[in-house]
Amino acid sequence: MQRRDALKHTALFFGYAVSISALSETFIACSKEATLSWKPEFLTNNQANTIAEITETILPKTKTPGAKELGVPQFVDKMLKDLLSEDEQKDFLAGLDTFDFDKACEASTGKPFVDCTPEQRTSFLLKQDKEAAKLPPSVWGIRLAAPGPTAFFRRVKELTLLGYFTSEKVGKTILGYDPIPGHYIACMPLATGEKAWNE
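Each residue is numbered by its place in its chain's sequence as written, counting from 1. Only residues with pLDDT of at least 70 get local features here, since the model is predicted, and only at 80 or more are side-chain atom pairs given and counted; chain-wide, interface and lining totals rely on the full set of residues. Values shown for side chains rest on all heavy atoms present in the structure; no hydrogens or waters enter the calculation.

Looking at an unreviewed UniProt entry, the protein chain carries the name Gluconate 2-dehydrogenase subunit 3 family protein, with the source organism given as Spirosoma foliorum.

Structure below.
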């Protein structure tokens, strides 16, 4: 075998080896299921992981606990399973798929949402918040019209805020809490530094 042929075959061999390993890495990455410390009841692990990162971006840990620390992603998953009607569940999943969070995020930032920096996540969610259709009006928690798939981000944001501000820790340690309230005060001014009242 000529030296030139030997080098050519060696280069081809390494090229195939690298290509096969790169392809297998790509397939593994594409099919890799997110690892969670909890088991979602309604969402898949990857969907739950994305929702968890969205909730933490909406309410990150600062001096106060973040959404993930308070179990807000679990709350959102539970609410989706137990409280939404089948049509609302389908709308949510259609919104998640149609909205295709990661594709929209990659188009905007060049990365899937979970791989973005906190600044990129915040910027992306602010953009989504401006573009998201408003939820239809409701009376006593009952929607007067079915939300469309474009209301996906509004639904996630709504459930995130509900889960956070109705959590026991926020209710007892961050907001003012009176277990035996007196008379009803519709509008009460707060002193400087005083906690907002829990309902």
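We are not done yet, so read on.
(A) Expanded view of the side chain of threonine 57. Every helix listed is a DSSP run of H or I at least four residues long, and every strand listed is a run of E at least two residues long, numbered separately from the N terminus. Inspection of the secondary structure assignment puts threonine 57 in helix H2 (residues 45–58). Pairing of N or O atoms within 3.5 Å defines a polar contact, subject to two protein rules: one partner must be a possible hydrogen donor and the other a possible acceptor, and residues neighboring in sequence count only if both atoms are side-chain atoms. Polar contacts involving the side chain of threonine 57 include one to the main-chain carbonyl oxygen of glutamate 53, which spans 2.7 Å. Leaving out residues up to four positions away in the same chain, threonine 57 has contacts with Phe113, Arg121, Thr122 and Leu125. Only heavy atoms enter the contact rule, under which two residues are in contact if any of them lie within 4.5 Å.

(B) Region of interest: the packing of aromatic side chains. What counts as a ring pair is set by centres within 6.5 Å for rings of Phe, Tyr and Trp (its six-membered ring), and what kind of pair is set by the plane angle: stacked under 30 degrees, edge-to-face over 60, tilted for all other angles. Evaluated as defined, the whole model comprises three aromatic pairs. Between phenylalanine 92 and phenylalanine 152, the ring centres sit 5.0 Å apart and the planes meet at 55°, which makes this aromatic pair tilted. Separated by 60 residues along the polypeptide, phenylalanine 92 in helix H4 (residues 86–99) and phenylalanine 152 in helix H7 (residues 152–165) bring together distant segments of the chain. One exposure class covers both phenylalanine 92 and phenylalanine 152, and it is buried. Considering the side-chain rings of tyrosine 164 and phenylalanine 165, the 5.1 Å spacing of their centres and the 75° angle between planes classify their relative orientation as edge-to-face. We call a charge positioned above a ring when the Lys NZ or Arg CZ atom is no farther than 6 Å from the ring centre and deviates by at most 35 degrees from the ring normal. Looking at arginine 121, its charged tip hangs above the ring of phenylalanine 113, at a distance of 5.2 Å from the centre. Throughout this description, buried means an accessible area under 20% of the type-specific maximum (1.4 Å probe, protein chains only), exposed means over 50%, and partly exposed covers the range between.

(C) Local environment of the confidence of the model for the protein chain. For every residue, the predictor states its confidence as a pLDDT score lying anywhere from 0 to 100. Overall, the predicted model of the protein chain reaches an average pLDDT of 79, with 79% of residues at or above 70. At the level of individual helices and strands, the protein chain shows its lowest average pLDDT in helix H1 (residues 3–31), which scores 48, and its highest in helix H3 (residues 72–82), which scores 95. Contacts from residues 12–30, a stretch scored under 50 in pLDDT, to residues over four places away or in other chains number zero contacts.

(D) Seen up close, the packing of H2 against H3. One way to put it is that H2 packs onto H3 with a least axis distance of 9 Å and a crossing angle of 125°. As far as their axial angle goes, H3 and H2 are oblique. Of the two possible hands of crossing, H2 and H3 adopt the one that is right-handed. Of H3, the residues touching H2 (which contributes Ile51, Ala52 and Thr55) are Val72, Pro73 and Val76. Here the residues of the contact of H2 with H3 are counted per class, giving five nonpolar, one polar and no charged. Here an angle of 0 to 180 degrees is reported between the N-to-C directions of two axes, which are lines fitted to C-alpha atoms, with helices fitted over the stretch in contact. For this classification, under 35 degrees means roughly parallel, over 145 means roughly antiparallel, 65 to 115 means roughly perpendicular, and everything else is oblique. Helix crossings are classified by the rotation of the near helix relative to the far one: an anticlockwise turn of less than a right angle makes the crossing left-handed, while a clockwise turn makes it right-handed. Note that Gly is not counted as nonpolar here; it falls among the polar residues with everything else outside the nonpolar set of Ala, Val, Leu, Ile, Met, Phe, Trp, Tyr, Cys and Pro and the charged set of Asp, Glu, Lys and Arg.

(E) Fine view of the pattern of salt bridges. In what follows, salt bridge is the name for a side-chain nitrogen of Lys or Arg lying within 4 Å of a carboxyl oxygen of Asp or Glu. Under the criterion given, the structure shown has 13 salt bridges. A salt bridge links glutamate 41 to lysine 81, with the shortest nitrogen-to-oxygen separation between them at 3.8 Å. Of this pair, glutamate 41 sits in the loop between H1 and H2 while lysine 81 is found in helix H3, placing the two residues 40 residues apart along the sequence. A residue is classified by how much of its surface remains accessible, and lysine 81, at 37% relative accessible area, is partly exposed. Of the charged contacts in the structure, one is a salt bridge between glutamate 168 and lysine 172, with a shortest N-O distance of 3.2 Å. Of the two residues, glutamate 168 and lysine 172 both sit in helix H8 (residues 168–174), four residues apart, roughly one turn of that helix. Assessed through its relative accessible area of 46%, lysine 172 is described here as partly exposed. Each of Glu41, Lys78, Lys81 and Asp82 takes part in one network of salt bridges that share partners.

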